[in-house]
Structure formats: C-alpha cells, structure tokens
Amino acid sequence: MARRNLRKGMTMIRPTPGLRVKQLEVRTRKDSGRNRSRLVEVAIKQSNVTSPMRSSCLSTPSKHSRSPSKQHFWSVDDETNVADMAQPPIDPIRLPRTMNDYIREWLRHKEDLLRILLEMEAAPSPRNCTKCGKDGVYRCTDCMHQPLFCTDCCRILHEAHPFHRIQQWTGEFFEDSALHMTGFQLYLGHNGTPCPSASPGPEHGPSEGQQYKMDTRAGGMGMVEEEWEDIDEVLLHLRPPANSKYLTIIDVTGVHFVRVQPCQCLDADSYHRQLFQAKLCASTFEKPSTAFTFAVLDDFLRENLECGTSGMNYYSKLRRVTSNVFPHLVPNRYRELLRLARQWRVLKLLKWNGFQDETERSSPGDLALFCAACPQPGINVDPDADLDDWKYTRTVVMDGNFKAEHMHEKRPDDQVWLMDGRGFMVAHPPYEEYLQATPHITEKSACHNHRAISQANVSRGKLSATGIGATACARHGCFYPHSVVDFQKGERQLNMDYSLSNALGYNMTGIKNVLCFYDINCSYMKNLRKQVDNSLFLHIPSSLQIVPGIGIWHVHGHKPECYARYAPLFLRGSGWVDGEIIETLWSILNIVSASTRGMSSPHRQELLDFQMNDSNFMKMIRIVDSLSRKLKAARASVAMARDAFTKLDEAVSSENRQVWSIQEESALGGRVRDVSMMDIFEIQLKKAPTVCAVELELLEAPSQRGTRQGAASWITRGLGIEESEITLAITRKDSSNYPSETKRLAMARRADRLAVDRSRFIADSQIYLAPLHQGTDADDYSSGMTDVAHHMSAGDDVVSGEEDSEGSMDEAADAVPLKMTKIAPLPLPSNFGIERCRAAGADELVEMELKLRIGQANDVLHGLRIALADKAVAFRGVVRQATSYSMRTRAWQMVNSIDSSVRQQATIYKRCREAMIALGADTDTLTHFQQLHKSHMAVHTAAFSQNAHDHRSSNLPWFWCMDIPRTTSSKNWLTEFYRIHWLRAKAVKDRWEEEEDLLVSEFHWTMNFFKFRAKKWNKKCVSFKAAGLHGAACYAARQKAVYDRLAEQGASKWLNMSPEILPLNQ
C-alpha cells in the first residue's frame, strides 16, 4: 500500500477509499543540536465518502496544508473500519510525543493518583505488624511500601538502618516520631552488636506498649540550653532521650538523636575513631556531642558542586526534612557542618590522589587534576619525542573573574590553612611576598581603552580581593594547577604574570612553543619579558617562544589591525580554536562565588580548589566523547575548506600565488619578533579620510578668530540629519503602496524623531549662521537660499528606473497609501551658496563643510562598494543556486534589500557632490569625485574569477579605486582584494587541517594519560600491599580499574569512529 520514494525521501500513500492524505512537516532535533525537517504523508479518516472516484480526488496531498486537525489523526480504532475495505490497512504513522502530550495524559489520572495519595495517610486494616502480627504502632516512611511494625520489630529491624524516619499511629493519624522513642541504641564495634565488655544494664528501651521517657531538661548530652526557649513546646520526637548518653547525628534524612554504646574492650579505639569507623564524623575529638554521616557530607559537597547550595541553605533543608512544620525547633549545627565540610574536602582530595600520610613530599598543585589531552612530556607524551614539532605546542588562555570577590576578615592572623598551594589557588605566603616586592607600573593601552587596563588600579575598601585571575588550557578548558591568583585592586599585569609563570612551569619540560590567549595581549605581551627578567619570583625560560593571541569575541573590540595580528585564525598551530573557553568556566565558579565572599581565606581557597578540580574531572571523563565529536566535525570542515580554497586558488595566477605564499610564510615566521608583519593579512592600500576622521581633525585644530566653538560638530550633525531623511524617503518609496500598519507606525516614528532633530538644528543655526539670517525670518530661513538648494525626492536616485509596485488584491479596503514627501533643505553653507557665505564672512564654515563633504563622499562610496559586492555574492551564491520557488523568492528579497541600500548610497552621494559644487570645490576634487551613472551600478559576477574572460576585457567603475593612490589602477585594487581573500581562505584551510591533526594526536595523548594513571595506581597498589596497608591497596586497585576502563572506552570509541585507521598503540 505504501511505497518509498527515494528521490523525495518521504513515504507516499496511494489513494484509499475512506481516507484522505495530507502532508505534515516533522521537525526533529539531532544529538548535534541541529534541527532536521522532513515531510511525511498522514492518512486521515474521511467522512461522507460517496464514491471511490471522490475518495481518489480527495486523497491528493494538499500543498497548503501542513497540520491536519487532531481529531482526524489516524487512531488504532480506525483499523477495524479499514479491515472491512477491499484494500489492505495502512500502517499508522507514529509522531514523536511532546511534553504537553505527556501532561495531558497525566491529567486523565490526576484524581486517581490524588485518591491513592490520600489513602496512604490511613492505617491498613487490620493494623498488624508485618513481621510478627502484633498490634502495629510504627511505620517507616523510608522503607519500601511503608511497612507497619510493632515497637520491638521496629527497633530490631532498623539496627542496620538507624537513620530512617518513622511515624507513630495516634488512633486517628500517623504522627512524626523517631527511632530513639522505640528504645533504639547504636552499638559501635563488634559489627553492630553489644560489646561483651560493657557494664551490665538494660539492653533495650521500653517494652511493647510503653513509651520511652523523654529528657525534659534543657540540656542533656549534646544539647545546648539556649536552643530550647520552652521545652514544653518541643515535640516528643524532637526531644533527646532522657538519662542517657546520646549523640546528635545529622544524616541526609535529617537530624537524629541516637543513644550510642561504644565498644569498651581494653584494646578498643578511642570514641571518635569508633565513630569514624561507623562512617560517622564527629565534630570534636573530646566528648563529641554531634556527628555527621559520610553520606550527608558527600551529599553536601555534591549539592555545592552541582547546584551551588551554600552551607546555610543546605542545613536549612535538613531542618525541614526533620520537621517540615517546626524546622525552627530542630537543633542548629550549621557551624559544625561548615567545619567538617572543610575537613572532608581535604580528606577526599588526599584519598583521590593516593596520599596515605603527610610524610610524603608535597608539591604545588599535587592535589589537583590537569587536562588529559594536553601534551605533558613524561605523562602522555614520550620525553624523547621531537617536542619542537608544532603539534606539541601548549595553548593557554588567561582571564580575570570579578565575581569571585572576598571581603576583609576580622582575624586575618588567626587562620588555619589545610591545603595552601596544593590545589589551583597559589600558595598564600609566596604570593604575598611577590606582591610586596613587585611595584605596579601604571599601564596605558595603545589600543582601545580596555576595562582590564583602565580599572587595574581601582580599589574597593570593603574587599580584600576584587576577583581572581586564572590560566587554563585553551583547547579543552581545564584549569592549570597552582595558577589562580587573587586581585587586590583590578586586573593588574603583576597578578597575571604570576599566574602565567606558574602555569608555564607545570609539566612543561621540553616544550618549546606556547600559544597564549588573553583579552589585552596587544598591551600585555609588550612588558611580559621585562617583568619576568626583573623579578626573583617569576621564571619563564627564555627559550620558550610565546605567541600572543586574543579570543575571537574580544579581538573585534580592539583596533582594526589587532584582528590580523592576534586573531586565532592567523595563529599557526592553534587549530580551530576560539580562545574564549575560559569564559565558560567562570559560570561554574560563579555558582559558589556568592557564598565564598564572606568566608575565611583558607575556607574560600579550599572551596574554589575543590570546584575547579571537579570541573577538570568532568572534562577528563567526557574528553573522549568531546574529541570524537570535534573530529567528526573537523573532517567535514576540512573538506569544505579545501574545496573553497581550491576554487579561489584556481582563479589566481601562478606569479601571484608564489608571491603571496612567500608573504604568508615570512609573516608567520617573524610575528614573534615583529607582530606588525601580520598586517599583510589586511588591505595594504591607503584609506581615504572618513567623516569621523575629518571631524576629529577639525576639532583638534586651533579654531580661527570669529568662528564659534562646535561649528564642525554642528555641520556634521546636519549631514547626518540629511542622510537620515534621504534614507527614510527611499524606504517609504521601496515600501508597497499599502504597507502594514506596523511599518507605517515605524516610519512615522522615524519621521517624528527627524523632525525634532531638524528643529534643534535650525535653532542652533541662529548661533553659527547669524550673519546669513540677518533680515530673514527664522521661521522662513529657506527663503534666502540660492537656486543650488532644490527640493529632493526619493525618485532622484541613479540606480535603476522606476519600479511599479501595485497593491495586492488581498489588502484591506481601508488601507491608506503612502504619500511621497519632499525633503526641504537644511540651513547649511552649501544651501546658502558660496557667494552669500563669503559676503557674510562665513568662509571658514564653507571650508569646514567642504572637508566634511569629502569625508562623507568617501564613506558613501565605501558603503556603495560593499553593497555592490554583496549583490554580486547574492547573485552568484544565492540566486543562481536556488532550486525551488521559495528559495528563489527569498533570494530575490535579499537582492531587493541590497538594491535599496545601493539607492540610498547613490542618492546621498549625488546630494554630496551637488553640495561640493555649491561650496566651490576645485576641478581636481570634482574630477576625483565623478558623477555616478546607472551603468556604474551594474554587477558582473565574472569579477569573482580573476582569469575569467569577461573580467579581463572590462574595467571596474572609477569609484572602485577611490581608497588607493590615483596612479593605481582598478586592476591593482582588485589584485589586493584577491590577495586578502586568498590569504584568509588559506588560513581557514590550514587551521582546519591543523585541527584534524591535533584531534588525532590528542586522542592518542588521552589514551596515554589514562594508561599512565593506571600504571601509577598499580605501583601504589603494590607498595601499599608491601607495607601492609590493605585498605589503601584495595582503593589503588579500584582506581587502576577506573582508568583501565576509561582507556578501553576511548579505544573502542576510536575504532568505531575510524575503522580505517590502525588501533591505538599499546
């Protein structure tokens, strides 16, 4: 019944009696993030079918229908109707369900689910213990199915689950209770059984039917008197047990009061060691009253990492878990949580890095995890390899983060550092010594006024640190160990020097080349070597070649020449990298930055170190998938880049190709010595002065006597108003005769703003053109203007003939057509005429406007060239490539939009040239700025092929060589145009080829890293076994298995992705 049409890639359904076929566009989202659209045909039930012929006609797919009504979609119930027909049934098409579909399905079950939820509040009938059959009093909300127990069974069965929450039946409802009310006791040692050496006494609490006596005193062991304002108001399950040694234990299930019986054997460990062996971390070592389970400490660290939950918010959650109605009656152990969390982080890091005891020698960053894919000689790269090869270049990126602020401490001298310098933050004493010994030199950027430089000396009185600066690998986004520094004021060079120096000393033995990305590298790198040579605390080998770069997002905020000098596209050996990956890492740290603002310096350092270590860990376990995705994309991009470059290269002569290749090689090889050599990637022709440049020149020049200050800016403002009015008039004309109400409103608002600007400009003309206004009414200033100033309309363009635009028949009958308006002249010297201006002594104003008009003409001609080039590209790459009616429609809409821009530029240029004539421009100026004709606006796509016959036999119009010396022909200008495009296309191809080679090498380096870590843990396992440390040996064996498994998964991914390539070297 259904056949596959391979040409269109969709299922075609034949005409069927009783069914109608409609086309439906289905959009799906791939794993890569791209949307995929495809057309499917859906069989829809057709009612009132009288004949097969009519059914056949109705089955024709509708071109205008995309989504049939939901009640007509194919359903399973329709199969019976189809079965009665002569034709076999059509398989229904199952569309992907959306979230709203699932919610609608839930709405049908909402009342039933609510009924079950309420029934669970009642006691089962009969209310018997599920274990012994006696009267059931307690039920456990944490056990599966909430079983009902008697007092003895509840106490006995929860010996292995001491932190479950239970409820007690009151006769009418279940009320929150606690296990200690059943007489539960926690035994330490002897596998949870009572110690045989313990003094005789009652083994358990109250028997069946009795209640455990609660402590009604303000304090018991572990309780603080001031925590209880009125003991009679405290609920029973929130009171500690009376006349017993109890411990306040905090677990993920809340706060519990537990009677603890330690082992009392002669060789028993101390109380706090027994607690720790029971996975309970005591808050103190002498007479502990509070303990935290390992589970709650792990859960807090995990929530802090993933959700940024602060200690206060987390403990507030635990209090609500304990009692959702009375959380304020739960004991507050917030400070104990913060203290134990610090200790737990350090213990975890020591364990993860294989430190059995502190006798082992520590080194900076030894508790931190670094990137698995970056080349590290001796770890994932053979030290005997040729490290001078470009593939072994380290790529680093530096940046500052001003969200990680830190306030001044109350007792800065009374601090305990648990892991100072062993993570990602630099060691505190050496860094402070470096800051005191290094003077800060006030910097002034030769580029734009960057925030990092202008705010380098900004001080904030309440902050001891205004932020942090860090260095990370630019390709994979892993923080460098022992390289994160605090800012005392702003982002000063001395801070970033210390960060970079430490980063370049981490596992860099033998590496000779570094690519360094930084937002202000154009200024930063000028002083780096000088700062390093003058400091006793910084060390960067002189043999290490550092090539500076600026991230692709930031480089566009610099001066134009910074793009070719520092953009990643022109950095050999960088691959396809943006240099901005560190910006994504700040979002991870910013989650916890708010909570670290008021911490002590050691606590803040430990928390940030732990957060950055987890970031690197997550990068490590996902690095294989990341590299495989990038490699697949790189292989596709390499093919496209090669094809694009080949097409461009075929149109270039062999002489030019050889010269340009030598220029490229010379620039890339000498950029370290002189970065200005990279300017060959920019147009080398002299630029004509713009309006902004002329205005700046006039403002900086000393004003002559009799000329009011601000005249140049006033004239420039008039030129801008004139351009805006011409643009609005052409926009109105290009609009249809019956534009929409929204378009009319937008144009009316623009006209209103221009009217306000015009009124202000005319009012200011009384100041600058007072002699010309003498004897003339201010409201009728235009009456004194010469015939040179004439009314302009949107039809005065030179681009093309008039285009008739007829209104659509579907427009509303009350639509109002736009009226073409005249553009009245402004009170500028060019509109009064040169003779009248000279008679009034306004010669300097005439000269000012003439210079500004020349700059305006240069700007307009530059915009005209860009618009015509865009039009040629649209014809060649869009219009000619369109294969469908809709594509051609969109293509011609693009062309029409560009035509509108061409008309605007040409009309403004015509008005500008008329003003030059009125201002008495000399013959050379008018020869340079010739008159535009319609033939000049023609676009020849043959210009894109340098060896094309049509191009070689024709010349470009005169304005294509306006920005170059007059002795240069348009052919030379076009050669310069090809040179830039050829160099940049080759740079794109080279970077993608480097990216593919780098990704293959990084895959090997990652596998070597996993194998290195596995061997390292295997050695530790052997040494631990020899020392009799069986627990440490088991943990080392487990870690070895983890890295072995990571290596196996990586090798499997590589083979599945590249079956034609040999397996990774073992």
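Further up the page is the structure itself.
Model, not experiment: these values are computed from the prediction.

Draft legend 1. Region of interest: the nonpolar core. The biggest cluster of nonpolar side chains holds 65 residues, and the ones touching the most others in it are L500, L504, Y524, L528, I546, M620 and F1010. Element by element, the count of residues in this core is highest for helix α29 (residues 970-1026), at ten residues. Beyond its immediate sequence surroundings of up to four residues, I546 is in contact with L504, V514, C516, M525, L528, R529 and I540. Judged by nonpolar contacts, the second largest core, of 45 residues, contains V691, L845, L850 and M937.

Draft legend 2. Inspection of the sheet that holds strand β7 (residues 166-169) at higher detail. Strand order across the open sheet formed by four strands is β6-β5-β7-β8, with antiparallel pairing between neighbours. Edge positions in the open sheet fall to β6 (148-149) and β8 (174-176), since each of these has one partner strand only. In this structure, strand β5 (residues 138-140) lies alongside β7, joined through three bridges in antiparallel fashion. Opposite R139, over in β7, you have Q167 as the bridge partner.

Draft legend 3. Up close: the packing of helix α7 (residues 294-306) against helix α8 (residues 311-322). The contact between α7 and α8 brings their axes to 10 Å, and the two run at 130 degrees. Classed by the angle they form, the pair α7 and α8 counts as oblique. Judged by the twist between their axes, the crossing of α7 over α8 is right-handed. Residues V296, D299, F300 and E303 of α7 touch α8, and the partners they reach there are G311, Y314, K317 and L318. For the contact of α7 with α8, the class distribution of residues is four nonpolar, one polar and three charged.

Draft legend 4. Quick look at the packing of helix α15 (residues 581-596) against helix α16 (residues 601-621). Where α15 meets α16, the axes come as close as 10 Å, and the angle between the chain directions of the two elements is 155 degrees. Compared by their axis directions, α15 and α16 come out roughly antiparallel. Along this stretch, α15 crosses α16, giving a crossing that reads as right-handed. Along the contact surface, α15 presents L585, I588, L589, V592, S595 and T596, while α16 presents R604, L607, L608, Q611, M612, S615 and K619.

Draft legend 5. The pairing of strand β10 (residues 246-251), seen in detail. With six of its six residues buried, β10 lies for the most part within the structure. Across six bridges, β10 lies against strand β11 (residues 254-261) in antiparallel orientation. From the neighbouring strand, T248 faces β11, where its bridge partner is F257. Hairpin geometry of β10 and β11 is characterised by an intervening segment of two residues between the two adjacent antiparallel strands. Note that β10 and strand β13 (residues 290-293) share three bridges and pair parallel. Looking at the pairing, T248 lines up with T290 of β13.

Draft legend 6. Region of the structure containing the packing of aromatic side chains. Evaluation of the coordinates by the stated rule reveals 28 aromatic pairs. With a centroid separation of 5.6 Å and an interplanar angle of 35 degrees, the aromatic rings of F402 and F487 are classed as tilted. On the criterion of sequence distance, the pair formed by F402 in the loop between β14 (394-401) and β15 (406-407) and F487 in strand β18 (residues 485-487) is long-range, its members being 85 residues apart. Residue F402 is classed as partly exposed on the basis of its relative accessible area, which comes to 23%. An angle of 55 degrees between the planes, with centres 4.8 Å apart, marks the rings of F1003 and W1054 as tilted. Of this pair, F1003 sits in helix α29 while W1054 sits in helix α30 (residues 1030-1057), placing them 51 residues apart in sequence. Overall, F1003 belongs to the buried group, its relative accessible area being 0%. Through a chain of ring-to-ring contacts, three or more aromatic side chains come together here, namely Y431, Y434, Y498 and F537. Looking at R97, its charged tip hangs above the ring of Y102, at a distance of 4.5 Å from the centre. If you follow R422 out to its NZ or CZ, it ends over the ring of F355, 5.0 Å from the centre.

Procedures and definitions
Residues numbered from 1 in each chain as written. Predicted model: local features only at pLDDT ≥ 70, side-chain atom pairs only at ≥ 80, totals over all residues. Heavy atoms only, no water. Core = buried A, V, L, I, M, F, W, Y, C linked by side-chain atoms within 4.5 Å. Buried < 20%, exposed > 50% of the residue type's maximum accessible area, 1.4 Å probe, protein only. Helix = DSSP H or I, 4+ residues; strand = E, 2+ residues; numbered from the N terminus. Contact = heavy atoms within 4.5 Å. Pairing = 2+ DSSP bridges. Axes fitted to C-alpha atoms, helices over the stretch in contact; angles between N-to-C directions. Parallel < 35°, antiparallel > 145°, perpendicular 65-115°, else oblique. Left-handed = near helix turned anticlockwise from the far one by under 90°. Nonpolar A, V, L, I, M, F, W, Y, C, P; charged D, E, K, R; others polar. Phe/Tyr/Trp six-rings, centres within 6.5 Å; stacked < 30°, edge-to-face > 60°. Lys NZ or Arg CZ within 6 Å of the ring centre and 35° of its normal.

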